[in-house]
Amino acid sequence: FFSFGPPPSLSPKVVAGTGLSRDELTALATEEPVGCEGLTLVPYLVGERTPNWPDASGALVGLRPGHLARPGLLYRAALEGVAFSLKQGLRGMGPMEVEEVRLVGGGSRSALWRQVIADALGVTVALPAEAESAALGAAIQAAGLVAARAAAAGKAGQETGKEAGFDLGRWAFENHDAAVSAVVEPSRAHDDVYAKAFALYEQRAQALFGGVVR
């Protein structure tokens, strides 16, 4: 199991800065174009771990005339920037095939946020039925470790010393896969736009913070 999340309180700060409600901003952002006309929000408000740039900061790059007068565009840029940060984290884990991600937290109630994540990552987004999914995930991992130790001790029909081969992920899905309340599929209509926007995100982040030495 791996957990990635957006910087703390990023979208509330964007909301507070406009004087609009979250619903109003979401409606405006829905009307803005994918890729935000080349506007990139790098969401490293408290540094970044993937990549390991602890002294990085947030940045808004690519501003053009009129952009600051479009709060929906700024909000969408924040959503896309966080999605690209998550994608960067997944890529940093090495070669692997990701078919589905589980989206939790208050942001998961936003239909726009769900779709941005699905489209930017190009994977299915599943919404767990359990609201406290973070706590549930921790409990499942703890139960898995108990099962692993039991297996190693020969209490689960396996020989002693096999704990190193215990597959926690497989065990969790076979025994405690969390119920899903809804699923969002990625729209392939914007694959090229998102690919270009992500490449621009990586290029700009690297240019800004890739050479930062602590």
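Scope of this entry: the structure provided in the associated data block.

Rules behind the numbers
- Residues numbered from 1 in each chain as written.
- Predicted model: local features only at pLDDT ≥ 70, side-chain atom pairs only at ≥ 80, totals over all residues.
- Heavy atoms only, no water.
- Core = buried A, V, L, I, M, F, W, Y, C linked by side-chain atoms within 4.5 Å.
- Buried < 20%, exposed > 50% of the residue type's maximum accessible area, 1.4 Å probe, protein only.
- Contact = heavy atoms within 4.5 Å.
- Pairing = 2+ DSSP bridges.
- Helix = DSSP H or I, 4+ residues; strand = E, 2+ residues; numbered from the N terminus.
- Axes fitted to C-alpha atoms, helices over the stretch in contact; angles between N-to-C directions.
- Salt bridge = Lys/Arg side-chain N within 4 Å of Asp/Glu carboxyl O.

## A look at the nonpolar core
Counting 34 residues, the largest nonpolar core has Tyr44, Phe84, Ile117, Leu121 and Val125 as the members making the most contacts within it. Apart from residues lying up to four places away in sequence, Tyr44 is in contact with Pro51, Trp53, Ala56, Ser57, Gly58, Ser85, Gln88, Tyr201, Ala205 and Phe209. If you look at the next biggest cluster of nonpolar residues, it comprises seven residues, including Leu41, Leu73, Leu74 and Ala77.

## Some thoughts on the sheet that holds strand β4 (residues 124-128)
In space, the three strands of this open sheet follow the order β3-β4-β5, with mixed pairing throughout. Every other strand in the sheet has two partners, leaving β3 (100-102) and β5 (180-184) as the edge strands with one partner each. Geometrically, the sheet is characterised by an average inter-axis angle of 25° between neighbouring strands, direction not taken into account. Both β3 and β4 contribute to a ladder of three bridges, which runs parallel.

## What to know about the pattern of salt bridges
Tallied over the full model, the rule gives six salt bridges. Between Glu37 and Arg70 there is a salt bridge, with its nearest N and O atoms 3.0 Å apart. On the criterion of sequence distance, the pair formed by Glu37 in the loop between α2 (22-30) and β1 (40-43) and Arg70 in the loop between β2 (58-61) and α3 (71-91) is long-range, its members being 33 residues apart. Classification of Glu37 by relative accessible area gives partly exposed; the value is 44%. Owing to a relative accessible area of 25%, Arg70 belongs among the partly exposed residues under this scheme. What emerges from the salt-bridge pattern is a single network uniting Glu32, Glu37 and Arg70.

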